[in-house]
Structures are given as structure tokens and as C-alpha cells.
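Okay, here's what each chain looks like letter by letter:
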Amino acid sequence: MSNKSSEVKTYYKGLGFCGFGMGSNSAEVDVKDGKVLRIRPMQFDKKNAKEEINPWKIEVRGKTFEPKMKTLLPPFSYIYKKRMHSKNRILYPLKRADWDPNGDRNTENRGESKFVQISWDEATDLIAGEIRRIHEQYGPYAILSQGDGHGETKAIHGPHGCQKNFLEMLGGSTTQARNADSWEGWYWGIKHFWGCEPIGQGLQKNMWWDVSNHTKMLLYWGCDPETTTWGWGGQNASRLCRWFKEIGIKSVFICPDLNYAASVWADKWIPVIPNTDAALQLAIMYLWITEDTYDKEYIATHAVGFEEMKQYVIGEEDGVAKTPEWASKICGVPTYTIKALARRWAKEATTICHCNGGSYIRSAYSSEPARLEGCLLGMQGLGKPGRGALKFIEFGQYGLHEYYPCPRSKVIPNVAGAYNGATYDISAQFLPKTLIPKAILGDWSVENPMTWYGVTSSGFPADDQFVEYQYPIEEGGSELHMIWTDTPCWTTCWNGGNNMIKALRSPKIEFILAQHPWMENDCLFADIILPVSSKFEQEDIACDVQSGAFNSLYYEGQCVEPLGEAKSDYECVCEIAKKLGVHEEYTKGMTYEDFIRRGFENSGCQTLMSYEEFRAKEICVVPTADNWEEVVPGFGDFANDPEGNPMTTPSGKLEFTSEALSEYFPDDEERPPHPKFIPFGKTHQESYLHPRSEKYPYLLESNHPRWRVHANMDDVTWLREIPTCKVRGRDGYMYEPVWINPADAKKEGIAQGDVVKLYNERGWVLGAAYVTERIMPRVIYQDHGARLDPIVAGESDRAGANNLICPTNTVSENCSGEVTSGYLIAIEKVDELELAKQYPEPFNRPYCPHSGQILASRVLEEETRKV
Amino acid sequence: MKVFVIDVENCNGCYACQLVCKDEHVENDWSPVAKPQPDTGHFWIKMTEKTHGQVPKVKLEYAAKGCMHCDKASCMQAAENDAVYKRPDGLVIIDPEKAQGQKQLVEACPYGAIYWNEELQIPQKCTGCAHLVDEGKEPRCVEACPHDCIQFGEESEFAGLIAKAEVMLPEVGTKPRVYYVNLPKLFVAGLVYDADRDEVIENAAVTLTCKITGKAIQVATDDFGDFWFKKLDAGNYDLTIAADGYKTYATSIVVNESLNAGDIALTAK
């Protein structure tokens, strides 16, 4: 496929970051003379007449909303060639200089040792040797297979988790069960309120239609459709925010920071102290109960367990009435604003908006605000016109039309038939991702196992949360002795990175193998790193179900030759398979062509065209389904007929008091049978109400980052020039911005641009002050996911990777979700020039301010090369 | 003659315009229109941002700014050797060959839209993606903007918008051909409540009167007790709030920057 100028060839590429084959951000990539020339939006009507794809139209309140005939790409797509050519690319296999599998492994040096280049042959010899040895010595479960998103989205080429399938073939491995991250509160909490298996989040079908027609107020609760959506679908979410405003729906943003969407779309910003939403929610319930402004009839027919909840709210259970006065002191929202919000919500159809819930459901005890959200929606007739929960990302998740808020598409395509990455099934021995440091650092055995509840992977049913699992398992179980990881970013993305660093340095872990395109984050702690190619460097097949316009399936040609000696994740595994003599068994003789064909034939698009036509056109744009307006939106079926359309709860109703929790965890004070406000407890003390806040007087809000997707793209020069992305210190280093309110800045003696230290008992990270009215007083905000730049590995970090100092403890005693925001810290100004004297090596590594830490700082031979 | 019209009302500050310009021009040679842009430091179109107000009445103002493709461009005046020319379609181009060594063009531009390329020793700026326009395509920033904030086309197409538009720095007399619509200027906002009843007051009449012109604007508080006055010029104002059953509240405010007038309690009569 080429355009007018015959020298330029154009390819389709999906540049989204979900991973797991769930694509988005479809682009047209122009290639000339072997390099990427430019990246442009994909045009839906390039190969299809407009009528063929049956464009939808939402015509309400005198206005029209219809999709553009092109994808609306986020900045991340446009800059992506920079990522391919990053100074950080690993272009050949690397081995840690002081790791010798036949001698000293020096595990305590991981993170500080440098790397040397080795050949593919030597690398695969070492790897094959280690796998054989570990299997013989400890058994297959001694290897932890960590392969999960988020990062580049590929099908044939992984990632994430090609190694898992391979190891299963060799007898198994310990699966890292990816905790339902981003869904913590929904998974551990609201599933026990409304079920909604398998995902647990609010039903989405046709919600755009419902909100457009009937909703009068939108509560964007911890929701930033100008940020989180960028990795998952691009900027149609932004158009949607604008559309809702234009048709007169009041847009209220409830969040500690004036997030990027609030800053342009909010009609009202209600600042709320992190992780105190439960108090605000209870006060709203209190007002509805005492003023008799909730839908009593609906509760009578659609809910159970309301009476106990009511007793708690009005103060009969614990002697504390959950009044606006009580709540205001906790959450920081003025009493009169709480009342105004409650009154309007009771009067007018209101829908709550989320991307995935953000810090709101990813904090200590986040099961509770999630369940309380369900309670509030239930009390106002969830599922009646205009009343639901709206998600701005992950449309059509798991291929389910129930989770597709856009006008219904004929097909939700998938690439499962071509996909070689990890699937959601688990091996006999597994570990929740959130418990890996604990597993490694503890002395566990079959006699003294580590135990927890639930597989914890998203999609597992709620009653799995009552099943106890252990590590190691009785039958053939083993402690971990090897980790095989791809796209590794545990330390900067999960719960308590400094603890994980300690775990990675444990002598128990004899070998760490990583595969990744860039030298970043957990790669620093690996023993061998295999170089992985980027999206542009291989062919594949992709789907896009998140554009918010039309779904599509397309062939992704190879744009350029792989850089250096890089191979795709799948090819890395194949090389190792060759050394172990099982290549044919692993690949089953499938060529890439075979994968593409099988991917197409199982995609759903095989009902729309033949494979030959697909290869000729290179794309299938899926038409809108006929009569999409008739799809009953969201929870409408349940609202209309609860007996005929029950929820997947034990009672089939909305459970204000959970029957299952009452049965299995009746005495759990941290996730009680009915939801409560839990400021602190046995598992967490991250609250202003706790004495610990005297020493650490600020709550840190750590959001999904604006200029990264989690840990991706921290090294892109064009992004780092943007003021809210990095702030230059006096030492020329580009620090991660720390948002601080002017009143707090004055109190702490901090000025714009000052380098600051954020700390608690778990360690400290640096940043540079961005003094702004976009953050409420008493709250500090720093994005999560900065690329590690350890000062003292396991203690301190220059780059601002605040996941290093977030709690290691999970959501609560029986809930293994991560807690990565809304925790206590102190802040102080530091002198970066003095720190450089105190820590000369980390502060004087080879560094490029435009792109950050560079490969030369970690690889021995590269040191002498010009940066 | 082609012009740019930039409507900032719905600019979401995504920076796509600034970034696609780099995608198009860094390491890509579009001679004779432009040589490659350096990797960093140039912003041929630049996203600008300003935070307005104080917690919780805060908004962001975003506007893309770059070369204004002026009719009487200062760079054309300051150039030697006919190094800068205005095309029939209105786009102003710096000839990358003829402009060798002409660093004076950087300072000549009152909009700061010209950047020096140290490696190539030439001044550079936005070309309006002339090389794409000549192929019947859109400038990259126009294509990338999710809200169609940046438009490019025949002057006559945009007559209505141009009539209510502003230009940047009209006083320097360069006759810029990039028109801006819906610049937000400043706001004054606040919340009105009854401290005794501890309730917001809806439908209070809030009046803002400019002390110099005497012009008065009135709005009613909404059901959150909020009021907003938008698109104001800087100045001194009288603010009065009246509601049935309450004493009228009056104060003077100085508006140099957008202002949250605060949560204002009315006292009962």
C-alpha cells in the first residue's frame, strides 16, 4: 500500500499500550529509505466507503455527535519513532559483569553492577544451562514467570508472557498472577456489591447513548480522560467530555488535583483529600436517608442488606452519625458543598465516570469506597435512564458487548488466534504479583507456607476470593530461584519497589533473566538481558476496539529492520527453545503467515470478509451494528426486571450487606460485610487521623502519569521538553515534577523548581517543585512510573520513582490489591549540588538531559563512547 | 490567501500540535522549503499554558503559538539576500540556503517564532508544512488536533470567525495572518452560602461592575452556590451579591490575574 509518492510506503501500526493483544491507537506509518518518516492518524474511510461502515450518529438535545473518519491519536503515538531510536535501546544481549553461574553470582550487587555485551549464542547457552540446572535441582516451579502488561501491544510477538507458555511446555513454572491492578477497589470490593462478573466494573453497554439522552450530571470521580485514555484509545475520550458539556450535562470533577481533564472540561472541581472519599460518600448517604431523597421502591425490589447499612450511616451501629460535618473534617469538602452535591444528585439523573478509578480505588482499604459507590448508585436507581457508571477506557474488554459503551459494533475483534503472550490461566503454583517480595524475602516451606486468598487475577469470580492458596504448594512446589521477566517494571509500578529491590538481591534468586527493548527499571537488576525489538521492527496482526469510532483489525507490516541484534519477545523465547532442543515443539511449525491467518480466522472479522480480501486491503473496518440505539444501556435490564436479569451476587440483587462476606469473613474489620469508612487499621496507617501523620504530614497522590504510560516513554526527548513532564534542577538533571500548593510551598520554604525529597520509613525519592493551584493544600502530587535512577538501590532514587516508597502491604488483610497512592510522606527542600558531593557515583553517571539515563551508564564497553 | 484560525475554546493542551511538528521536521529534509529541525530546543509551533485562579476555582488556558505568517513580516524586513519570502498562498518561508548565517532573524521576530539551528547555521520556523500543502494535504498540526482548534484554509472560508478574532501583538504592525478566537482572558469566580443555615445560596444575583467603564455584568449563582464571570479584562471592579432575605454584600476587587473571590457568606436580614 503506498501513497502518491512511490518512494514512501505506508503501514498500519497499533501503538496502544494495553498489551495482551488488546489494541488501540491505530496509526498510519510512512516509511522511506528504511526509516520511519512520520506517523499519522489512521483513516477509516481510506479503503471503505463511508456507507459501508455505517457511521453512527447520536442526535440529542438539538445537537449531533458522530465519529471522525480518522483515529484521534494521543501524543504518545506521534512521538513513537523516538522510542524506537532511544539512546536507551538494548541492541545486543547483555550479561551482568559480576554474575558467573559457575562461580560467584554476587546477587547483592544487582542494581549497581554494570553489564557487558555477549553474543546470542553465549546468552542462550547460559540461559538453557540455568533452566536445565534449576529444573533438575529444584523442579520447574522454582522459576517465576513474570509476563504481563502494560507496554507495546503485539500478538504474534508477545509480549507479555511468551516465556510462560514455553515453560508450561517444559513442565510448568510459578505463574505471576497479575493482581487486578487498576481495578483493586472494584475487584476486592464492588464485586461483592453487584457482582458484574467477570470484570466487576459497571456494565457499559450503550452508555454513551444513555448519558447523552438522559444524564444531567456527571461525576468524574478520580477520573482523567485527558491522561489515562492516552495509552488506551487516544483522544476520542476528550471529544466525549466536550460533547457532554455541549449538551448541557454538568461536569463535576471530584479529585485532589485539578487533573488535566478537569482543567479544561470541569464545570466544578471538588477537591477531596486522597483516600477519604468513603467519608464523603457516607455523608451523601446520610443526607439521602435523613431527608428521604433516595429511591426507596428501587431499594425494596433491587437490593438486600440495606437496613444494616442504614444503621451504620445514621450512627446506630457505632455511635457515629456520618453527617456532613463529620465527613467534612475528614475529606476536606465544605459541608455546604456536600449538601449541594447530595441534593442535586438526588434530584437529577447522575452517572459516575471513571477511566479505571485511579487513585480512588488503588489505595488502602479501597474496597470500601468502591462498594460505597455502588451503594450511592443503587440508592438513586442504578440502571434507570441516565443513571450508571461510565468508563472511558477498555471498551469491549474481554470481547464483551456488556463492556462496550459506544454504539454497538457488529464485531468486537480480537487477535487471540495469533497471540503468543501470557494468558490468564495459572500454573499449579502461582504468586499474586503483589506478594512476590514477601514470598522471596520470607522463609516459606510446605510446613510453613505463605497463604493468601484468591488467584487475584482480573476475571476470576468473586467467590475465588474465599479460597485460600499457599506458596510453596504441597505437590512438587518449590521456593523461587529464578525469575524470567519481560517488560519488567515491578519496582516503579507496584507496591513497595524498595522491598522488591531487596527481594531481587536475595541470594535465593540465583538467576534473573529479562527481555526488554530498553535499559530501564527492573532491567537494572537482571543477570542477563535479551534485546527486544519495537513495534516497527516486526510484522504482526492487530485489532483496535478502543478508538471510540469504529473497531478494526489490520495487518501490521514490518516497517524497518530490527535494530542491532534485537529480536521480538517471541523470537527470544524461540532462541532459547532451540538451545533446549524444543523449538519445533514450541512453535508447532507455525510461520508468521500461519499466525496471521489463524488470528484473522478467529478474530470475528472472518464473518465480514475473506482472508484474501483482508490481506489485499490490509484492514477490516467493522461497521456499526444496525439498531444499536435499541440496546438497553448499562444496568437497564436489571433495573427493569431484577428477577429476570439478576446480578451475579449470591442474592441476585445489589448487596448493601454482602452475603458472601458475612459468611466467609464476618469479623474482617478491614473489609466488613457492609462497607465502612476505614481510615487506618492493622494493615495500613496512611491517614491524617493517625499519629503517623505527625511525622509524615502530607498524603502523596501518585497518579497514572501524564507524559508516560506507566513506565513507558520516560526517555522521549520531545516529551521531556514539556514543563509538566520534567523540571530542570541546578545540576542540569531533569527531575520529576512534584505538585505542591502555594500555601504548602510557603510553609515548607519551597520555591518553584527547587529539588525536593519525598520520604517516609521506606525510603526517599527526589523531584522538583511545581508550585501550583492545581493541587489542594495538604496534598502532594507526583506521577508514578518514573524510570529508576537509584542513589542507594533499595533506599533512595533520583528520578522520583515513588512506587519505591509506597506501602508493600496490600489493600487489606484479605485483599491482595496494591496500594500505590494516598499514603503518608514528608517533603523537604534539598540541595542537589550537596547531594552530588554526598553521592558522587549516582550523581555523576553518564547522562543526557534530553533523554535521561542512557545505556552508557550501565554497560561497561559503552562508557567510553561519546554520549 | 490562506490563513490559520486557532480557536482555543476547546484546546485540551495535549501538545499534539507541538509534537507532530517535530515528527514531520526532525531528521527530515524538506528542501527547498525547510531543512531538518534539531531534535530539541525548537518549537515551530509551541503549546503555551497558563494556570488561572486559586483552589477550587482553577482553569487552564492553552493556546498554540508559532509563526504568524505576517503580511509585513519583520523577518522579511530583517533578511538579507531575499532570504525570506511570502508565497502567493500567504505562507512565509525562510529559504534554508539563502538564510545561511543570518542569525539576526531570530531577534527580528516579535513573536519569538524563529529559532537558530546551531548545527546547520540557519534560522528556522514554521513553514505551514508548505511541502504538504503543495501536495494538497493539511499542515500536520491541523490534522493532529483532536478538536479542530487549528484550522487552515482560504481567508474567505473563515470570514465569520475572522470578524470576531484577535491577533497577537497587533500593535507591532506586522499584520499577522494567524487569527485567535475565544481567548479566555481572565475570570472572577466564587461561591455564595448562608453560614447560619450551612447551605449554599442558589439564585443569588451577583454583579460585577467595572469601575472605569461602569459596565455591569450580572449572573445568578447555581445550585452549588457558584458564580463565574469569564472573559474579563484586567481592572478594578465592584462585586455585589444580593439575595432575598439577605443583606447585600459588596466589595472591591482588583483583577490582575484570574481570581477566586472565595466562599462568601451572606448574613440574613
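Nothing here was measured: the structure is a model prediction, and the numbers come from that model.

**Student:** Break down empty space enclosed by the protein for me, citing the residues and quoting the values.
**Tutor:** Residue and element names in this part refer to chain A. Here the largest cavity is characterised by a volume of approximately 360 Å³. Lining the largest cavity are 37 residues, with G222, G357, G358, S359 and N703 positioned closest to its centre. Residues belonging to the lining of the largest cavity are distributed by class as follows: 13 nonpolar, 16 polar and eight charged.

**Student:** An account of the packing of helix α9 (residues 277–290) of chain A against helix α12 (residues 324–331) of chain A is needed here, citing residue identities and associated values.
**Tutor:** Residues and elements named next belong to chain A. Relative orientation of the contacting elements α9 and α12 amounts to 165 degrees, with a least axis distance of 8 Å. Taken together, the axes of α9 and α12 lie roughly antiparallel to each other. Considering how the two elements wind past one another, α9 and α12 form a crossing that is left-handed. For the pair α9 and α12, the contacting residues are A279, L280, L282, A283, Y286 and L287 in the first and P324, W326, A327, I330 and C331 in the second. Partitioned by chemical class, the residues of the contact of α9 with α12 number 11 nonpolar, no polar and no charged.

**Student:** Describe unusual backbone geometry, with residues and values.
**Tutor:** Residue and element names in this part refer to chain A. Put simply, E197 and P198 share a cis peptide bond, and its omega is 0 degrees. You can see P198 is positioned in the loop between α5 (184–194) and α6 (207–214). With omega at -5 degrees, the peptide bond leading from Y471 into P472 counts as cis. One non-glycine residue, D33, lies in positive phi territory at about 50 degrees.

**Student:** I'd like to hear about the interface of chain B and chain A, residue by residue, with values.
**Tutor:** Between chain B and chain A, the contact holds 53 residues from the first and 64 residues from the second. A buried area of about 4600 Å², summed over both sides, lies between chain B and chain A, and 49% of it is on carbon and sulfur atoms. When the buried surface of chain B facing chain A is broken down by residue, L19(B), E143(B) and F224(B) rank first, second and third, together holding 15% of it. Run the count over chain B and chain A and you get 13 salt bridges. Of the charged contacts in the structure, one is a salt bridge between E143(B) and R40(A), with a shortest N-O distance of 2.6 Å. Along the contact surface separating chain B from chain A lie 31 residue pairs in polar contact (both at pLDDT 80 or more). The set of elements that each furnish at least two residues to the side of chain B that touches chain A consists of α1 (16–25), β2 (45–54), β3 (57–66), α4 (130–133), α5 (140–144), β10 (186–194), β11 (199–200) and β14 (226–232) of chain B. The element contributing the most residues to the side of chain B that touches chain A is α1(B), with seven residues. Within the side of chain B that touches chain A, the residues separate by chemical class into 22 nonpolar, 12 polar and 19 charged.

**Student:** Account for the packing of helix α3 (residues 120–138) of chain A against helix α18 (residues 569–579) of chain A, with residues named and values stated.
**Tutor:** Residues and elements named next belong to chain A. Contact geometry of α3 with α18 gives a least axis separation of 9 Å together with a crossing angle of 70 degrees. Viewed along their axes, α3 and α18 adopt a mutual orientation that is roughly perpendicular. Crossing hand, α3 versus α18: right-handed. Within the contact between the two elements, α3 uses W120, D121, T124, D125, I127, A128, I131 and R132 and α18 uses C572, E575, I576 and K579.

**Student:** Any chance you could break down α12(A) for me, citing the residues and the numbers?
**Tutor:** Residue and element names in this part refer to chain A. Counting buried positions over the eight residues of α12 gives six, a clear majority of the element. By the burial criterion, the buried members of α12 are P324, W326, A327, S328, I330 and C331. Along its buried surface, α12 packs onto α9 and α13 (335–347).

**Student:** Please set out the environment of C620(A) residue by residue, giving values where relevant.
**Tutor:** Secondary-structure assignment places C620(A) in strand β24 (residues 619–621). C620(A) sits 567 residues away from I53(A) along the chain, and the two C-alpha atoms are 9.8 Å apart.

**Student:** Kindly report on the packing of aromatic side chains, identifying the contributing residues and their values.
**Tutor:** Residues and elements named next belong to chain A. All chains considered together, the criterion is met by 54 aromatic pairs over all chains. Where W99 meets F511, the ring centres are 4.9 Å apart and the plane angle is 20 degrees; that geometry is what we call stacked. With W99 in the loop between β6 (94–96) and β7 (115–117) and F511 in strand β20 (residues 511–516), this pair connects stretches of sequence that are 412 residues apart. We note that W99, like F511, is buried. Summarising the aromatic geometry, the rings of W209 and W628 are spaced 5.1 Å apart at their centres and angled 80 degrees between planes, so their arrangement reads as edge-to-face. Of this pair, W209 sits in helix α6 while W628 is found in the loop between β24 and α22 (636–640), placing the two residues 419 residues apart along the sequence. Across the pair, W628 and W209 agree in class, each one buried.

**Student:** Describe the pattern of salt bridges, naming the residues involved and giving the relevant values.
**Tutor:** Residue and element names in this part refer to chain A. If you walk through the whole model with that rule in mind, you get 86 salt bridges over all chains. For E246, the salt bridge goes to R242, with nearest N and O atoms at 2.9 Å. Of this pair, E246 and R242 both sit in helix α7 (residues 236–246), separated by four residues, roughly a single helical turn. The partner of E601 in a salt bridge is R597, with the nearest N and O atoms 3.4 Å apart. Here R597 and E601 lie together in helix α20 (residues 592–601), a separation of four residues that amounts to about one turn.

**Student:** So what's going on with the nonpolar core? Residues and values would help.
**Tutor:** Ranked by internal contacts, the top residues of the largest apolar core, which has 141 residues, are F244(A), F392(A), F536(A) and L719(A). The residues touching F392(A), leaving out its near neighbours within four places in the chain, are Y220(A), C223(A), P225(A), T229(A), A237(A), L240(A), C241(A), F244(A), C353(A), H354(A) and C355(A).

**Student:** If you had to explain α6(A) to someone new, which residues and values would you point to?
**Tutor:** Residues and elements named next belong to chain A. By the criterion of burial, α6 is predominantly enclosed, with six of the eight residues buried. Within α6, burial applies to M207, W208, W209, D210, V211 and S212. The inward-facing, buried residues of α6 contact β4 (58–60), β5 (63–65), β10 (217–221), α7, β14 (350–354) and β15 (389–391).

**Student:** Residue-level account of the sheet that holds strand β11 (residues 250–254) of chain A, with values.
**Tutor:** Residues and elements named next belong to chain A. Reading across the sheet, the five strands line up as β12-β11-β10-β14-β15 and stay open at both edges, with parallel pairing between neighbours. Pairing within the sheet leaves two strands with one partner each, and these edge strands are β12 (268–270) and β15. Averaged over neighbouring strand pairs, the angle between their axes works out to 25 degrees when direction is ignored. With three bridges connecting them, β14 and β15 associate as parallel partners. Across the sheet, the residue bridging to I352 is A389, located in β15.

**Student:** Explain the confidence of the model for chain B to me, using residue names and the numbers behind them.
**Tutor:** On average, residues of chain B score 98 in pLDDT, and 100% of them are at 70 or above. Interface confidence for the predicted complex, expressed as ipTM, amounts to 0.97; the pTM equals 0.97.

**Student:** Break down the sheet that holds strand β1 (residues 9–14) of chain A for me, with residues and values.
**Tutor:** Paired through backbone hydrogen bonds, the strands of a sheet run either parallel or antiparallel to each other. All names here are of chain A. Pairing is antiparallel in the open sheet, where three strands are placed in the order β1-β2-β3. Each edge of the open sheet carries a strand with a single partner, namely β1 and β3 (35–41). Going from strand to strand, the sheet's axes swing by 30 degrees on average, the running direction of each strand aside.

Procedures and definitions
- Note that residues are indexed from 1 along each chain, following the sequence as it is written.
- For naming, the first written chain is A and the first written ligand is 1, with later ones following in the order written.
- Only residues with pLDDT of at least 70 are given local features in this predicted model, and only at 80 or more are side-chain atom pairs given and counted; all residues enter the totals for whole chains, interfaces and linings.
- For the side-chain quantities, the full set of heavy atoms in the structure was used; hydrogens and water were omitted.
- Cavity: a set of points on a 1 Å grid over the protein atoms alone where a 1.4 Å probe fits but cannot get out. Pocket: an open set with protein on both sides within 12 Å along at least five of seven lines, its lining residues, like those of a cavity, having an atom within 4 Å of a point.
- Grid points are joined across faces, edges and corners, and a volume is the space filled by probe spheres set on the points.
- Any residue that is not Ala, Val, Leu, Ile, Met, Phe, Trp, Tyr, Cys, Pro, Asp, Glu, Lys or Arg is counted as polar, Gly included; the first ten are nonpolar and the last four charged.
- To get an axis, a line is fitted to the C-alpha atoms, and for a helix only the part in contact is used. The angle between two axes follows their N-to-C directions and goes from 0 to 180 degrees.
- Numbered from the N terminus, helices here are DSSP runs of H or I no shorter than four residues, and strands are runs of E no shorter than two.
- Working rule for angles: under 35 degrees goes down as roughly parallel, over 145 as roughly antiparallel, 65 to 115 as roughly perpendicular, anything else as oblique.
- By convention the crossing between two helices is left-handed if the near helix lies anticlockwise of the far one by an angle smaller than a right angle, and right-handed if it lies clockwise.
- In what follows, a contact means two residues having at least one pair of non-hydrogen atoms within 4.5 Å.
- Summed over both partners, the accessible area lost on bringing two parts together, with a 1.4 Å probe, is the buried area.
- Any Lys or Arg side-chain nitrogen located within 4 Å of an Asp or Glu carboxyl oxygen qualifies as a salt bridge.
- In the analysis that follows, any N or O atom pair within 3.5 Å is treated as a polar contact, provided that within protein one partner can donate a hydrogen and the other can accept it, and provided that, for residues neighboring in sequence, both atoms belong to side chains.
- Buried means the residue's accessible area, taken with a 1.4 Å probe over protein chains only, is under 20% of the maximum for its type, while exposed means over 50%, and partly exposed covers the values in between.
- Stacked, edge-to-face and tilted labels apply to pairs of Phe, Tyr and Trp rings (six-membered ring for Trp) whose centres lie within 6.5 Å, assigned for plane angles under 30 degrees, over 60, and everything in between, in that order.
- In this description, a nonpolar core means a group of buried Ala, Val, Leu, Ile, Met, Phe, Trp, Tyr and Cys residues linked to one another through side-chain atoms lying within 4.5 Å.
- In this analysis, strands are considered paired if DSSP registers two or more bridges between them.
- A score from 0 to 100, pLDDT tells how confident the predictor is in each residue.

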